[in-house]
Every structure is written in C-alpha cells, then in structure tokens.
Amino acid sequence: MSSTTTRPVVVGVDGQPPYDRALDWAIAEAQRAHAPLHLVYARMMPLRGPTVEAGFDVHTTESDEILGAATDRVRALAPSVHVTTASAYRNAAALLVDESRDATCLVVGARGRSALGSVLLGSTSLDVAAHALCPVVVVRELPQQLPDRPGVVVGSDGSGISEAAIAAGFEQADRLGVPLTVVHAWFLDEVTGLAALATEDVTHVVAQEEDAVASAAIAGWSDKYPDVQVRQHVLRAHPVEALVDHSRGAELLVVGSRGRGGFTGLLLGSVSQGVLHHAHCPVMVVRSSGGA
Ligand SMILES: Nc1ncnc2c1ncn2[C@@H]1O[C@H](COP(=O)(O)OP(=O)(O)O)[C@@H](O)[C@H]1O
Ligand SMILES: [Mg+2]
C-alpha cells in the first residue's frame, strides 16, 4: 500500500557531521511516502554591537551554503523529490516545532553542533521529540546490515499512544517491505508497583494478563496490512533494554511519546527517552492516533 501526500517530510539540517544521516533517512522517507522534502536550518542569533552587520553577512552565507549543499544531496540521491528550504534566526527546536505543524514527519539527527562529544542526545533533538506536532524521527545510527534483521520494531505497552505507534509501525513496515516485530516487555515493579509481590502465582497471573494485553494490541492490524509479516515478542524484561536489544539491525524503532505509566503532564515517558538515547537504529516517536 503506498499513499500519496503533499505534507512534507521536514528535516533539520545544521551542516555538522553526521547531519547527513538524518538527511539521507529523510530523503529515503520522502521517496517512499511520495512526499516533498522541506529542509530547515535555524541560523544562530545575530551578533550584538558593532559587528552586527558583519555577523548577519557571515550567517546568511553560512545558511545558503548549508541549505545549498543539502539541496544538492537531495537532487543527487533522489532527483524526483520536490525540495524546499527555510531558514530563520530562531532557536532550532522552536523553528522545527513550528515547521512540524503540517509535516508528515520531522527528522533530526541525535546530536547537533553544540552538543558535547559525550552527550548522547542533543537538546534540540530531545525538545522536538517532546514538542513536535507530528511523528519525530531521531537518526542516531542508520540501520545496521546484520544477518538477523527484525525489520521495523515497535514498542507496545497496551496504551492508546502505543496503539498509534503500532499503526505507524505497520505503515512503515508495509512501505519498506519488511517484517514488523512487536515487542511487549513487562516487569513486576512496573505492573504491581512492588517487587515483593513477585510470588510465583502473581508472576504467572501477570504473565497471562500481559500476553492478553499484547495480543489485543495487534489484533485486527493484519487485516489492514495483509502483506506485513508480524512477529510478536512478549518478554519479562525492562522495556528500554528489550527495545534497545531488538533495535540492532532494525530499520526503525517506533514508540509512543507516552505510555501507560509515569506522571501526567510529562511530554516524553522514560521508555521513549531511554530508547532515544540508546537505540541502534533510527527511532520514531509518535504522539497520538495521527500515525506516521
Ligand atoms: N513495557 C513496554 N514494552 C514495550 N514498549 C513499551 C513499554 N513501555 C513503554 N513502551 C513504549 O514506549 C512508549 C512510551 O512509554 P513510556 O516512556 O513508558 O511512557 P509513560 O511514562 O507514560 O509510561 C510507549 O508508547 C510504547 O511505545
Ligand atoms: Mg511506561
């Protein structure tokens, strides 16, 4: 099933290696989704004082060069993709969140020009994952070419938002022509709130309940996507560890922005944050039933 959309794939480019990983993922996604590609560069704020004019010139040239080089890359890799650009003197996350309003998805790298070498996820990437108005893809690593490839992996915890992640996972697996691996992890601390309750009986009952929740979450989807081969793993494990493990060799890991726990009002749950920091493949964070 392939859909045609005029909503663009939006990608944040800052010219700093390895920004082209995010750009390359976005180019491929625009091709698959038959969508235009919108390249966005947030210029640093102009200098103050007597050098302000010179500062403006430097930054204008810089953004022309960065967006020009990115446009050349799109034309070389995907000549059929319609490409547009935008830049502004704005905070990068604020500009990207604005641009996400009408986007099919927003793609960013894991680290930008100001992040320290030891930082796993830059503040722009974290901010847009929390605030964007469309699905966000954070590209830390491109998919690894391993012999055992799980296709698209989706994290499912039975919550409404993870159902949106499952929808996006099926759509992506279908477009890519790869299997979908649905991972549902549970551990007793999370389910019961008390590890002390972990008697054999309780564990057995919880395991059965989690199996039922996991199966219900994917029921019906195969009718909509009959070509997508689905594998389901229900595991007793910490969800971040389970998802990061399954992300090896995956094309994409899809999670919801929130799940079934945590404090109300948080924009990103602990599992989404954990996988954004540690996954071995691009991560898509889905907000609501809008899908990808
Ligand atoms: N136990 C789990 N097994 C698999 N995926 C999970 C699990 N818990 C959460 N996820 C994934 O991570 C997303 C975010 O959930 P989480 O970070 O736990 O938020 P919250 O703190 O609101 O529960 C979910 O929508 C789901 O995609
Ligand atoms: Mg949770």
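Predicted model, so just to flag it, every value in this text is computed and none were measured.

*Asks:* So what about the site of ligand 1? Which residues, and what values?
*Replies:* The environment of ligand 1 is made up of 24 residues, and the closest members are Gly155, Gly256, Gly259, Gly262 and Gly269. For the shell around ligand 1, the elements supplying multiple residues, two or more each, are helix H5 (160-176), strand E7 (180-186), helix H9 (239-246), strand E9 (252-256) and helix H10 (270-278). When residues in the shell around ligand 1 are grouped by element, the largest group, four residues, is from E7. For the shell around ligand 1, a count of residues per class yields nine nonpolar, twelve polar and three charged.

*Asks:* I'd like a description of the nonpolar core, backed by residues and values.
*Replies:* Buried together is how nonpolar side chains tend to be arranged in soluble globular proteins. Grouped together as the largest cluster of nonpolar side chains are 81 residues, with contacts concentrated most on Val9, Val11, Leu106, Val107 and Leu253. Counting the residues that make up this core, at least three belong to each of domain 1 (9-139) and domain 2 (152-286). Beyond its immediate stretch of four places on either side in the chain, Val11 contacts Ala22, Leu23, Ala26, Leu37, Leu39, Val40 and Val107.

*Asks:* Break down the sheet that holds strand E10 (residues 283-286) for me, with residues and values.
*Replies:* Reading across from one edge, E3-E2-E1-E4-E5-E10-E9-E6-E7-E8 is the order of the ten strands in this open sheet, with mixed pairing throughout. The open sheet has two edge strands, strand E3 (83-89) and strand E8 (230-236), and neither has a second partner. For this sheet, the mean angle separating the axes of adjacent strands, direction not counted, is 20 degrees. Where H5 meets the sheet, it contacts strand E6 (152-155), E7, E9 and E10, and its direction lies at approximately 160 degrees from that of E9. The sheet strands contacting H9 are E6, E7, E8 and E9, and the helix crosses E7 at an angle near 160 degrees.

*Asks:* A description of the pairing of strand E2 (residues 37-43) should follow, citing residues and the corresponding values.
*Replies:* The buried fraction of E2 amounts to six of the seven residues, a majority that puts the element mostly inside the structure. As paired strands, strand E1 (residues 9-12) and E2 are joined by four bridges and run parallel to one another. Among the inter-strand pairings, Val9 is bridged to a residue of E2, identified as Leu37. Following the backbone out of E1, through helix H1 (residues 19-33) and into the adjacent parallel E2, one traces a crossover that is right-handed. The sheet contact formed by E2 and E3 spans seven bridges and is parallel. Bridge assignment links Val40 to a residue of E3, and that residue is Ala86.

*Asks:* Give a description of the packing of H9 against H10 that names residues and reports values.
*Replies:* Contact geometry of H9 with H10 gives a least axis separation of 9 Å together with a crossing angle of 35 degrees. Judged by the twist between their axes, the crossing of H9 over H10 is right-handed. Here Pro239, Val240, Leu243 and Val244 of H9 lie close against H10, whose contacting residues are Val271, Gly274, Val275 and His278. Looking at the contact of H9 with H10 residue by residue, the class counts come to six nonpolar, two polar and no charged.

*Asks:* Residues and numbers for the environment of Ser87, please.
*Replies:* With respect to the secondary-structure elements, Ser87 resides in strand E3. You can call Ser87 partly exposed: it has 19 C-beta atoms within 10 Å. Residues Ser87 and Tyr41, 46 residues apart in the sequence, show an inter-C-alpha distance of 4.7 Å.

The rules behind the values
Residues numbered from 1 in each chain as written. Chains lettered and ligands numbered in written order. Predicted model: local features only at pLDDT ≥ 70, side-chain atom pairs only at ≥ 80, totals over all residues. Near = placed C-beta within 6 Å. Helix = DSSP H or I, 4+ residues; strand = E, 2+ residues; numbered from the N terminus. Nonpolar A, V, L, I, M, F, W, Y, C, P; charged D, E, K, R; others polar. Core = buried A, V, L, I, M, F, W, Y, C linked by C-beta atoms within 7 Å. Buried ≥ 20, exposed ≤ 12 C-beta atoms within 10 Å, placed from the backbone. Domains from an automatic or database assignment. Contact = placed C-beta atoms within 7 Å. Pairing = 2+ DSSP bridges. Axes fitted to C-alpha atoms, helices over the stretch in contact; angles between N-to-C directions. Right-handed = clockwise from strand over helix to strand, strands pointing away. Left-handed = near helix turned anticlockwise from the far one by under 90°.

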